[in-house]
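Structural overview for review
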Amino acid sequence: MNEAVEAACALLRAGEVVALPTETVYGLAADALNPEAAAKVFAAKERPSFDPLIVHIARRRELSSVACVPAEISGTVEKLAAAFWPGPLTLILPKQPELPDIVTSGLPTVAVRCSAHPVFRAVGKELGGPIAAPSANRFGRISPTSAAAVIKELGGRIPLVVDGGACPEGLESTIVSIETREGKKPLFHLHRAGPVTKEMLQPFGKVVKAKEKTGDAPHAPGQLPSHYAPVTPLVLLENPDDFKPEPGKRYGLLSYRGEGPYVERHEWEVVEALSPGSGKLAEAAIRLFHVMRVLDESGVDCIVAEPVSETGLGVAIMDRLRRAAAER
Ligand code: TXA
Ligand code: MG
């Protein structure tokens, strides 16, 4: 067995937390059945206790160890799992009583996914039990898509970061809950847009946006208006002509292709492109959090973001940009 996988498992068995790569973003992992270990995840991230963790299983058949799937949705769950697991889809299901309440923040439901990343899967299989893992960033900040980004977020707070290179999807998993409807296809409530797009889910059911809750106990705090945010203020401009620079301020542009009307609009201090030249949404998704971080560290006073087209993966990219731009 790989030395890093072995070291990660030893720490997880000892009730410690470890940062691991997934195909979406790096996760801060803990043994999901150990409440003290889960408490360390909340502490390292400074995450409020009302924000539940995602639980990861290594194989589809392990779903029953963390969730009780009601008979009326079991056929749909099986179809979704067969189509998208392992992969970036998280399902909200009734929880198994053995799962500690701290993991689900006292909710009767659990968010479950099965990561496709070879390192994460190897650790899960070797550990032989479910892994709780939110994104490995401090609460509300930019999700890490590289080991270096994890170290910037949590360095000095956690005993190990396993470096699996850059995350191949770059955006957090799609989160859905399932509602059955008499004589009709099921309804999927989309709690967070992600790499599994609406178009990909549609053959299995009707996709609607989950109602967003605000206040102290939100449904999914990743869905709070302000999240995934750089320290530097970020504004998302629907139109290049909306840009009115203030004298003396230094601006950085988060551009889609690194060319075009937004780039030409101003003498930018720095321009970072999501998909240089070609304009491909999949590449933009992979690079989004990295580029946000680079601009955040560039020393500009304000980051101006250009919109991407809201189709396919563009929906998840625009969701993250809007939340990064939301007032804090
Ligand atoms: O791609 C991902 O999902 C990554 C990797 C590491 O797996 N994880 C991730 O976790 O993004 P986190 O904690 O950053 O985001 C999980 C979101 C949070 O917004 C949380 O509120 C929501 O899932 N969530 C967790 N359990 C839930 C539940 N039972 N009901 C509703 N939302 C839930
Ligand atoms: Mg997160």
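What you are looking at is a predicted structure, and each value in this text was computed from that prediction instead of being measured.

Moving on, we get to the domain arrangement of the chain. For the chain, the domain assignment lists domain 1 (2-209) and domain 2 (234-325). Computed over C-alpha atoms only, the centres of domain 1 and domain 2 are separated by 28 Å. For the pair domain 1 and domain 2, the summed buried surface comes to about 1,400 Å²; carbon and sulfur atoms form 58% of the total. When residues of domain 1 are sorted by the area they lose upon contact with domain 2, I142, L171 and A193 head the list and together hold 39% of the total. On inspection of domain 1 and its partner domain 2, the count reaches 4 salt bridges. Its salt-bridge partner being K152, residue E297 comes within 3.4 Å of it at the nearest N-O pair. Where domain 1 packs against domain 2, one counts 5 residue pairs in polar contact (both at pLDDT 80 or more). The biggest single contributor to the side of domain 1 that touches domain 2 is helix α5 (residues 147-154), with 3 residues. Here the residues of the side of domain 1 that touches domain 2 sort into 9 nonpolar, 5 polar and 7 charged.

Read from one edge to the other, the open sheet built from 9 strands follows the order β1-β2-β6-β3-β5-β4-β7-β8-β9, with strand pairing classed as mixed. Two strands lie at the open edges of the sheet, namely β1 (18-20) and β9 (206-209), each paired on one side alone. With 2 bridges connecting them, strand β3 (residues 54-56) and strand β6 (residues 131-132) associate as antiparallel partners. Among the inter-strand pairings, H56 is bridged to a residue of β6, identified as I131. Across the face of the sheet, helix α3 (residues 71-84) comes into contact with β4 (87-94), β7 (174-181) and β8 (184-192) while running at roughly 165 degrees to β4.

Glancing now at the layout of surface pockets. Its boundaries defined by the atoms lining it, the second largest pocket holds a volume of some 360 Å³. Around the second largest pocket, the lining comprises 20 residues; the ones closest to its centre are L190, A193, K209, V315 and D319. Listing elements by their share of the lining of the second largest pocket, those giving two or more residues are β8, α6 (198-201), β9 and α9 (314-325). Sorting elements by how many residues they give to the lining of the second largest pocket places α9 first, with 5 residues. Here the lining of the second largest pocket is composed, by residue class, of 7 nonpolar, 5 polar and 8 charged. No fewer than three residues from each of domain 1 (2-209) and domain 2 (234-325) sit in the lining of the second largest pocket.

On to the packing of helix α1 (residues 3-13) against helix α4 (residues 118-127). Packing of α1 against α4 leaves a shortest axis separation of 9 Å and a crossing angle of 50 degrees. As judged from the angle between their axes, α1 and α4 are oblique. By crossing handedness, the relation of α1 to α4 is classed as right-handed. Contacts between α1 and α4 involve V5, A8, C9, L12 and R13 on the former and, on the latter, A122, V123, E126 and L127.

Turning next to the environment of I131. With respect to the secondary-structure elements, I131 resides in strand β6. With 104 residues separating them along the chain, I131 and G27 place their C-alpha atoms 10.0 Å apart. Other than its neighbours up to four places away in sequence, I131 contacts L12, A29, A30, A32, I54, V55, H56, F120, V123 and G124.

Attention now goes to helix α8 (residues 281-297). Taking 1.5 Å per residue as the helical rise, α8 with its 17 residues ought to reach 24 Å, and the 24 Å between its terminal C-alpha atoms agrees with that figure. Of all the bends in α8, the greatest measures close to 50 degrees and is centred on R287. The set of residues buried in α8 consists of L281, A284, A285, L288, F289, V291, M292, R293, L295 and D296. Where α8 is buried, its residues contact α5, β10 (234-236), β11 (251-255), β12 (270-273), β13 (302-305) and α9. Two residues or fewer past α8, G299 is found with a positive phi of approximately 85 degrees.

What counts and what doesn't
- Residues numbered from 1 in each chain as written.
- Chains lettered and ligands numbered in written order.
- Predicted model: local features only at pLDDT ≥ 70, side-chain atom pairs only at ≥ 80, totals over all residues.
- Heavy atoms only, no water.
- Domains from an automatic or database assignment.
- Buried area = accessible area lost by both parts, 1.4 Å probe.
- Salt bridge = Lys/Arg side-chain N within 4 Å of Asp/Glu carboxyl O.
- Polar contact = N/O pair within 3.5 Å; in protein donor to acceptor, adjacent residues only side chain to side chain.
- Helix = DSSP H or I, 4+ residues; strand = E, 2+ residues; numbered from the N terminus.
- Nonpolar A, V, L, I, M, F, W, Y, C, P; charged D, E, K, R; others polar.
- Pairing = 2+ DSSP bridges.
- Contact = heavy atoms within 4.5 Å.
- Axes fitted to C-alpha atoms, helices over the stretch in contact; angles between N-to-C directions.
- 1 Å grid on protein atoms, 1.4 Å probe; cavity = no way out; pocket = protein on both sides within 12 Å on 5 of 7 lines; lining within 4 Å.
- Points joined across faces, edges and corners; volume = space filled by probe spheres on them.
- Parallel < 35°, antiparallel > 145°, perpendicular 65-115°, else oblique.
- Left-handed = near helix turned anticlockwise from the far one by under 90°.
- Expected span 1.5 Å × (residues − 1).
- Bend = angle between axes of the 7 residues up to and from the residue.
- Buried < 20%, exposed > 50% of the residue type's maximum accessible area, 1.4 Å probe, protein only.

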